[in-house]
Amino acid sequence: MANSAIPAQVQQSMSNPIMLASLIDNPIMHRIHSTHAPDGCSRYFHLKPLLRFTENILQNALSTTTDTPQEEAQAQLNASLEDYDNYDDFLKPYLAQMIKRTASKLSSVCDQSAQTATIEVFETLSSFEWGTKVVVALAAFSVIYGKFWLVAQPSPTNLLTKSIAILEQLPDMLGVKEPWKPKFKAPTDLIKTILEVAKCIVDFSELPLQYMNLEERGMPTAAAHIPIAVYWTIYGMAICTRQTMCLPGMGQEDVDEIMEDWNQWSLEHKLTQIHNYLKAQLAVCHQHIRERREIETYELIEDLLKTPQIDNMKILKALIRPKDEQQLPLFDGSNKKRAKLEVLWKRNVLLLISELEVPDQELSIVENMYQESRQNPSREESQYEVVWIPVVDGSTQWNEKEDRHFETQKAQMKWYSVFHPSLLETAAIKYIKKVWGLNKKPMLVALDPLGRVVNNNAIHMINIWGLTVAFPFHKSREEGLWKEVSWGFELLAGPIHPPIIDWITEGKYICLFGGEDIEWIREFCILAKAVGRAAGIKLEMLYVGKSNPREKIWKNNISIAQENLSDVLPGLNVVWFFWARLESMWHSKVQHGDTPERDPITREIMSMLSFDGGNHGWAVFGREWGEMSQMTKAKGDTILKCLGEYQMWKDEVETKGFVAALNDYLIHQLQTPHHCNRLVLPDTTGRTPDRVPCADCGRPMEKYIRYRCCTD
């Protein structure tokens, strides 16, 4: 019918769900509430399986009046039977009795008003909670509706149902499905909406009460409207029951009139508005629960890491939480099978935490370390496990492409991985970022067998000292290692380029240099070798490129090797690792509270990193013997000028030594107050210091934020 036939009060309510309560007279709502006397029996009912079972009965019946394939509806019904078969056996007889009694009350709608029948249903279900009321009523309605269509649906081979249909005097046109589709659209749409509202009501009834405070969010309004929603839902069932139960014996005009009753249309829209409102409130409640659970889990993680534990299981389960106890949350990269968390019980665990994509260079470090440990599994330093923890930002739209990317990355790893990023608690992600300092680059958080964090990022320790020396990754051990070393070529590049150890043993002078201008490199190498020969020293040279090695550095390596200008590092990954190791030294020193003003090693590390911050060449000269070490350094133009003026300071070489003479000439003759140093420190842990002194003059450097994307 036309919308003009709908009373203004109804039309107004459909645009404002809050006003739905006004559509029920207060005496009626008082009557509904007066019947509500729950006795606690509802807690024994598992509403979701019963609701699914009921829904599939109705869907199977509705397929008669819609385009849903009968086979599809039948398959869904068969699947829901398994849910119901698992229902507690002692409840089934009681449930059947309540469904039968409720169906009887709904069926009385042919002899009385729908409102009266609805109130009788509420009286029958008085001992149930609101959610249980609506599910049991829906089950009763599904029995009525299902029985009707068992008889009414066309079935040429089933003479029994055909005979009953004749005795029931169902209209002949039910045997011809197509002409009847439009007439059943309104009741069909109403039943579908009833189902959706019922699902919402059940979802509300199963909200965890410990997280729900009626003084917060939308709970007061939502809680007040649940009885109203239950009323209108059961009232809708009464209307649909009247349509089906009263069809037998009706003539065509009577059928048309009852099927086109405008009350169906208004009721369906009314329930749609209720559904939309409850759905919105449910979303608010779910968000509230997520936030409360996140706070609870975050505090749990904090407490677990502060409190002594007997093993590492509690903290690992707080970080990685399977959806149920049977779910295996880990993936074992060695055998490509799922695994339980207990495989990590009382093991040293390195959590490889990163974004979804782990850069190849960082991945190669972990691969080399892991392979080394597995070649000698009985060694003490091999007694650890690695678990990849992929942190996916909440704003990331997870789709098939992201899933394929994750699976590809996971397949490359020989160690354990979280089976899926969704198993990582939101609170754990927050803790990882806030406390452990995850930013962009991967990190290795080291847990001991009791679940204590012994190092927030052991990757720096492993980069500097190697696995054998770094194990078991304690910060106290790292602090001790720093006390045992001094600045020199062995610390700077010994693990990167093993010949350096031989050069040191043989007492040779060493020059490390970098930059990307091949013309400067040629001029410098030729001049440095000539000065070395003139000074009568044995000079070895090593080119270390830049921290972000690309094609230009690769071409430089080829040219340097072909022209026999200097030693080069074997591959861009090794060039990258030289600088990554320097950055690890910086972060390690900063984490231990060392500053360039107080610690000479930190100062030298900063100087090396500032060389890489510029676009020009640079060089470090030095010599080590025993515990003694001499080193000096300068930028490209300055060192070229110094070497070019060798005749000006060559006499000092005999009395002071080559390195000291070179250093004095650089300081006293070539150093100027004018300089521009750039120090690029990747903020990988969120702990980069605010104050950094200049390597040349000691004044505080200005701090800038720079964003870089290098794909060339």
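**Examining the nonpolar core**
- Counting 92 residues, the largest nonpolar core has F524, F578 and F658 as its most contacted members.
- If one sorts the elements of this core by residue count, helix α22 (residues 518–535) sits on top with eight residues.
- Once you skip the residues sitting within four places of it in the chain, F658 turns out to touch Y509, V531, A535, I537, F621, W649 and V653.

**Brief notes about unusual backbone geometry**
- Here the amide bond leading from F471 into P472 is cis, since omega sits at 5 degrees, within 30 degrees of zero.
- Along the chain, P472 falls in the loop between α18 (467–470) and α19 (475–483).
- The backbone of K336 sits at a positive phi, close to 60 degrees, despite the residue not being glycine.
- Considering the arrangement of structural elements, one finds K336 in the loop between β1 (330–332) and β2 (337–339).

**Notes on the pairing of strand β3 (residues 348–354)**
- Summarising burial for β3: seven of the seven residues are buried, a large majority.
- The alternating pattern of β3 places N348, L350, L352 and S354 and V349, L351 and I353 on opposite faces, both of which are buried.
- Both β3 and strand β4 (residues 384–390) contribute to a ladder of seven bridges, which runs parallel. When the sheet's bridge partners are listed, S354 is paired in β4 with P390.

**Regarding the sheet that holds β4**
- Pairing in this open sheet of seven strands is mixed, and the strands run β2-β1-β5-β4-β3-β6-β7 from one edge to the other. Edge strands, defined here as strands with exactly one partner in the open sheet, are β2 and β7 (453–455). Each strand axis lies, on average, 35 degrees off the axis of its neighbour in the sheet, ignoring direction.
- Here β4 pairs with strand β5 (residues 416–418) via two bridges, running parallel.

**Quick look at the packing of aromatic side chains**
- The tally for this structure, following the rule as stated, stands at 28 aromatic pairs.
- Geometrically, the ring pair formed by W579 and W618 is edge-to-face, given 6.0 Å between the ring centres and 85 degrees between the ring planes. Taken together, the residues span a long stretch of sequence, with W579 in helix α24 (residues 572–591) and W618 in strand β11 (residues 618–625) at a distance of 39 residues. An identical accessibility class is assigned to W579 and W618; each is buried.
- Ring geometry for W649 versus F658: centroids 5.8 Å apart, planes at 50 degrees, classification tilted. For the pair W649 and F658, one class covers both residues: buried.
- A network of ring pairs unites the aromatic residues Y509, F513, W520, F524, Y543, F621, Y646, W649, F658 and Y665 as a single cluster.
- Over the aromatic face of W130 sits the side chain of K133, whose NZ or CZ is 5.3 Å from the ring centroid.
- The cationic tip of R374 hangs over the ring face of Y384; the distance from NZ or CZ to the ring centre is 5.4 Å.

**Let's talk about the pattern of salt bridges**
- Evaluated as defined, the whole model comprises 28 salt bridges.
- We note a salt bridge from D599 to K589, for which the minimum N-O separation is 3.3 Å. Of the two residues, D599 sits in the loop between α24 and α25 (600–613) while K589 sits in helix α24, which places them ten residues apart along the sequence. Each member of the pair, D599 as well as K589, is classed as buried.
- One salt-bridge network, in which partners are shared between bridges, spans K48, D203 and E206.

Parameters at a glance
Residues numbered from 1 in each chain as written. Predicted model: local features only at pLDDT ≥ 70, side-chain atom pairs only at ≥ 80, totals over all residues. Heavy atoms only, no water. Core = buried A, V, L, I, M, F, W, Y, C linked by side-chain atoms within 4.5 Å. Buried < 20%, exposed > 50% of the residue type's maximum accessible area, 1.4 Å probe, protein only. Helix = DSSP H or I, 4+ residues; strand = E, 2+ residues; numbered from the N terminus. Contact = heavy atoms within 4.5 Å. Pairing = 2+ DSSP bridges. Axes fitted to C-alpha atoms, helices over the stretch in contact; angles between N-to-C directions. Phe/Tyr/Trp six-rings, centres within 6.5 Å; stacked < 30°, edge-to-face > 60°. Lys NZ or Arg CZ within 6 Å of the ring centre and 35° of its normal. Salt bridge = Lys/Arg side-chain N within 4 Å of Asp/Glu carboxyl O.

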